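# Chain and residue survey
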Amino acid sequence: MNLFTVNIVTPDGIIYDHQARFLLAKTQAGDLGILANHAPLVAPLLIEAVRIDRFTDEGQTNLASDWVAVNGGIMEVRDNVVSIIANSAETEQDIDISRAERAKKRAEEKIARAKAERDATVDLDRAEVALHRALNRLKVANKRR
Ligand code: ATP
């Protein structure tokens, strides 16, 4: 068997559950590609896009890539199942682009204020992480077929 299961779970529920041929994730230690029968592992993920290649037909001839904006979290590989657990994650179809653009603008304004005015009431680290989430969502939404 050359397929494996991919589950992506957040506090909102299961946001992705499919049989896949290949998965590409960005871990804190670098890019990680997964094929069927991969050795067990647990890895912390970055706020990044996860790519999942899966067959779109019964005959397994047409491969297509799904993209999911995964906002950190943990990936576990075991028994031909890849489980990703994150605080938030959205598939390319579920991303609200205008919301992500608003979040990007808010975060950029906070970062600018914190830097220019040395405004101690603005948490620079949080604003930078929020900006990263918004940019990740916009990147994944742009992959929409
Ligand atoms: P915002 O400031 O727009 O709320 P955020 O980065 O603070 O963005 P999160 O805390 O990561 O949002 O997520 C809260 C919930 O909102 C999650 O269910 C997440 O999937 C969803 N969400 C956040 N931004 C978007 C978006 N642009 N499109 C679709 N769902 C989103």
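The model shown is predicted, which means the values in this text are computed figures rather than measured ones. Counting from 1, residues in each chain are numbered in the order their sequence is written. In view of the model being predicted, local features appear only for residues whose pLDDT reaches at least 70, and side-chain atom pairs are presented and counted only at 80 or more, with totals across whole chains, interfaces and linings using the full set of residues. Hydrogens and waters are ignored; side-chain quantities use all the structure's heavy atoms.

Turning our eyes to something else, we now look at the overall build of the protein. Starting at the N terminus, helices and strands are each numbered in turn, a helix being any DSSP run of H or I of at least four residues and a strand any DSSP run of E of at least two. If you tally the helices and strands in the protein, you get two helices and ten strands. Considering only C-alpha atoms, the protein reaches an extent of 60 × 30 × 25 Å along its principal axes. Only protein chains enter the accessibility calculation, which uses a 1.4 Å probe. A residue is then buried if its area is under 20% of the maximum for its type, exposed if over 50%, and partly exposed in between. Looking at the protein as a whole, 40% of its 145 residues are labelled buried. Contacts were defined at the residue level, with two residues in contact if any of their heavy atoms lie within 4.5 Å. Counting only contacts in the protein whose residues sit at least 6 apart along the sequence, the fraction spanning at least 24 positions is 56%. Surface exposure of the protein reaches about 8,500 Å², of which carbon and sulfur atoms provide 49%. In this tally, Asp and Glu contribute negative charge and Lys and Arg positive charge; neither His nor the terminal groups of the chain are included. We put the charge of a Lys on NZ, of an Arg on CZ, of an Asp on CG and of a Glu on CD. Averaged over its 21 positive side-chain charges, the protein has a centre that lies 4 Å from the centre of its 22 negative ones. Note on areas: Shrake-Rupley with a 1.4 Å probe; residue coverage comes only from the protein chains shown.

Attention now moves to the pairing of strand E3 (residues 22-27). Of the two faces of E3, only one is covered, namely that formed by Leu 23, Ala 25 and Thr 27; the face formed by Phe 22, Leu 24 and Lys 26 stays uncovered. Note that E3 and strand E6 (residues 47-55) share three bridges and pair antiparallel. Note on E6: the bridge partner recorded for Leu 23 is Ile 52. Note: E3 against strand E4 (residues 30-34), five bridges, orientation antiparallel. Looking across to E4, one finds that Ala 25 is bridged to Leu 32. Paired strands, as defined in this entry, are two strands with at least two bridges between them according to DSSP. A loop of two residues connects E3 with E4, the two strands running antiparallel in sequence.

Below, the discussion takes up the packing of aromatic side chains. When two rings of Phe, Tyr or Trp (its six-membered ring) have centres within 6.5 Å they constitute a pair, described as stacked for plane angles under 30 degrees, edge-to-face for angles over 60, and tilted for the intermediate range. Evaluated as defined, the whole model comprises zero aromatic pairs. For the cation-ring pair, Lys 143 lies above Trp 67, with the distance from its terminal atom to the ring centre recorded as 4.1 Å. Cation placement over rings: the criterion is NZ of Lys or CZ of Arg within 6 Å of the ring centroid and within 35° of the ring normal.

As a further point, take the site of the ligand. Neighbouring the ligand are Asp 12, Ser 88, Glu 90, Asp 94, Ile 95, Asp 96, Arg 99, Ala 100, Ala 103, Arg 106, Arg 133 and Arg 137. Measuring from an oxygen atom of the ligand, one finds a side-chain N or O atom of Ser 88 at 2.9 Å. We define a polar contact as two N or O atoms separated by no more than 3.5 Å, with the added condition that, inside protein, one atom must be a possible hydrogen donor and the other a possible acceptor, whereas residues neighbouring each other in sequence contribute only through side-chain atom pairs. Within the side chain of Arg 106, a nitrogen or oxygen atom sits 2.7 Å from an oxygen atom of the ligand. Here the shell around the ligand takes four residues from helix H1 (residues 97-116), the largest share from any one element. Only Asp, Glu, Lys and Arg are considered charged, only Ala, Val, Leu, Ile, Met, Phe, Trp, Tyr, Cys and Pro nonpolar, and every remaining residue, Gly among them, polar. Residue composition of the shell around the ligand, by class: three nonpolar, one polar and eight charged. In this entry, domain limits derive from an automatic or database-based domain assignment. The two domains that each donate at least three residues to the shell around the ligand are domain 1 (4-91) and domain 2 (97-144). For each residue, the test is whether any non-hydrogen atom lies within 4 Å of the molecule or strand; if one does, the residue is near.

Domain boundaries in the protein define domain 1 (4-91) and domain 2 (97-144). A straight line from the C-alpha centre of domain 1 to that of domain 2 covers 25 Å. Between domain 1 and domain 2, the contact holds ten residues from the first and eight residues from the second. Buried area counts how much accessible surface, traced with a 1.4 Å probe, disappears from two parts once they are put together, with both parts' losses summed. Looking at the side of domain 1 facing domain 2, the largest losses of area belong to Ile 47, Trp 67 and Ala 69, adding up to 57% of the total buried there. Salt bridge, as used here: a side-chain nitrogen of Lys or Arg that lies within 4 Å of a carboxyl oxygen of Asp or Glu. The salt bridge involving Lys 139 is made with Glu 48; its shortest N-O contact spans 2.8 Å.

Before going further, it helps to spend a moment on the sheet that holds strand E10 (residues 89-91). Read from one edge to the other, the open sheet built from five strands follows the order E4-E3-E6-E7-E10, with strand pairing classed as antiparallel. Two strands lie at the open edges of the sheet, namely E4 and E10, each paired on one side alone. Neighbour-to-neighbour, the strand axes of this sheet turn through a mean angle of 20 degrees, independent of strand direction. To obtain an axis, a line is fitted to C-alpha atoms, over the contacting stretch when the element is a helix, and the angle between two such axes runs from 0 to 180 degrees between their N-to-C directions.

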